[in-house]
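# Topology and contacts: notes
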Amino acid sequence: MKKLILGLFVFAGAVSLACAGTEYTGKEMRQTTVPEECWYGDTEWNATLWGTYAFAGTDQGHIGAPGFFLGDDRGDRYLQTDHAWGGGGDVKFFWHKYFGFGIEGFGLDAKRTRFDFTGDPTGFTFTKTDDQRLVGAALGTLTLRYPIGCSRFAPYVFGGFGGIFGGGEQDRIVGTGGAPAFVTTHDDGEAKLMGQVGGGIEVRFTRHIGWINDFSWNIVDGSKNNFGMVRSGINFAF
């Protein structure tokens, strides 16, 4: 009888310990399965609006006096200005947290100086005027970003390829063989192929709104046409 009672006490104690262990394990499981809040989705659409500042890769001061076209070895040949302000936007789809592809477009208020020269060895007239024009571009892009853990910060690099239009005008002095002996001709702008490489960082204020800042180097047909571009804007993630 005593052995039976002792056995019952041992069994009851074992059941109590087992139940206690199960409850503890359950609490541990509940604690470890609570997800941390991450700011960048594995799959998401991004729409970004930004302002930009662009600067020519070739100093405009290299254009010869009195400022007319003197050959391909002098001055920037596409933007034809030291700097320009503008804006643009892009839409990207991230099929993975780290990779996204999209389209980008921007416009620059790239004011240039237009020159007119007319004359002969006995005398000439020279005038210059401001030529307001819009230089724009459209590109397809690929972006690689790396969210730092589950923080708000995500550095990224990107590349693009497309076309640029609205620039590349040229003012040329040509001989006429008559009177006046020299006049200025004006070539219209032309569209060119363009590549783009750059990098920056995004900071998310909320899961769906972020702030982007980046720099890109834009490569236009011809070594004298390249330009840099700094961008800052707001990104909307869906």
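Provided above is the structure to which this section pertains.
Attention in this report is confined to the structure presented alongside it. All values reported here derive from a predicted model rather than from experimental measurement.

## Focus: the side chain of Arg-112
Checked against the element boundaries, Arg-112 lands in strand β4 (residues 112–120). Once residues within four sequence positions are removed from consideration, Arg-112 is found in contact with Gln-80, Thr-129, Asp-130, Asp-131, Arg-133, Glu-169, Gln-170 and Asp-171.

## Description of the sheet that holds strand β10 (residues 192–204)
The eight strands lie next to each other as β1-β2-β3-β6-β7-β10-β11-β12, forming a closed barrel whose pairing is antiparallel. Looking at each pair of strands side by side, their axes are set apart by 25° on average, direction ignored. In this sheet, β10 lies alongside strand β7 (residues 153–165) in antiparallel orientation, the contact comprising twelve bridges. When the sheet's bridge partners are listed, Gly-163 is paired in β10 with Leu-193.

## Points about the pattern of salt bridges
Summed over the entire model, instances satisfying the criterion amount to eleven salt bridges. Residue Glu-190 is joined to Lys-192 by a salt bridge in which the shortest nitrogen-to-oxygen separation is 3.5 Å. With a relative accessible area of 42%, Glu-190 lands in the partly exposed category. With relative accessibility at 19%, the residue Lys-192 sits in the buried group. A salt bridge links Asp-214 to Arg-231; the nearest nitrogen and oxygen atoms lie 2.8 Å apart. Placement of Asp-214 in strand β11 (residues 209–220) and of Arg-231 in strand β12 (residues 227–237) is noted, with a sequence separation of 17 residues between them. Among the ionic contacts, a cluster of salt bridges with common partners joins Glu-44, Arg-145, Glu-202, Arg-204 and Arg-207.

Definitions and cut-offs
- Residues numbered from 1 in each chain as written.
- Predicted model: local features only at pLDDT ≥ 70, side-chain atom pairs only at ≥ 80, totals over all residues.
- Heavy atoms only, no water.
- Helix = DSSP H or I, 4+ residues; strand = E, 2+ residues; numbered from the N terminus.
- Contact = heavy atoms within 4.5 Å.
- Pairing = 2+ DSSP bridges.
- Axes fitted to C-alpha atoms, helices over the stretch in contact; angles between N-to-C directions.
- Salt bridge = Lys/Arg side-chain N within 4 Å of Asp/Glu carboxyl O.
- Buried < 20%, exposed > 50% of the residue type's maximum accessible area, 1.4 Å probe, protein only.

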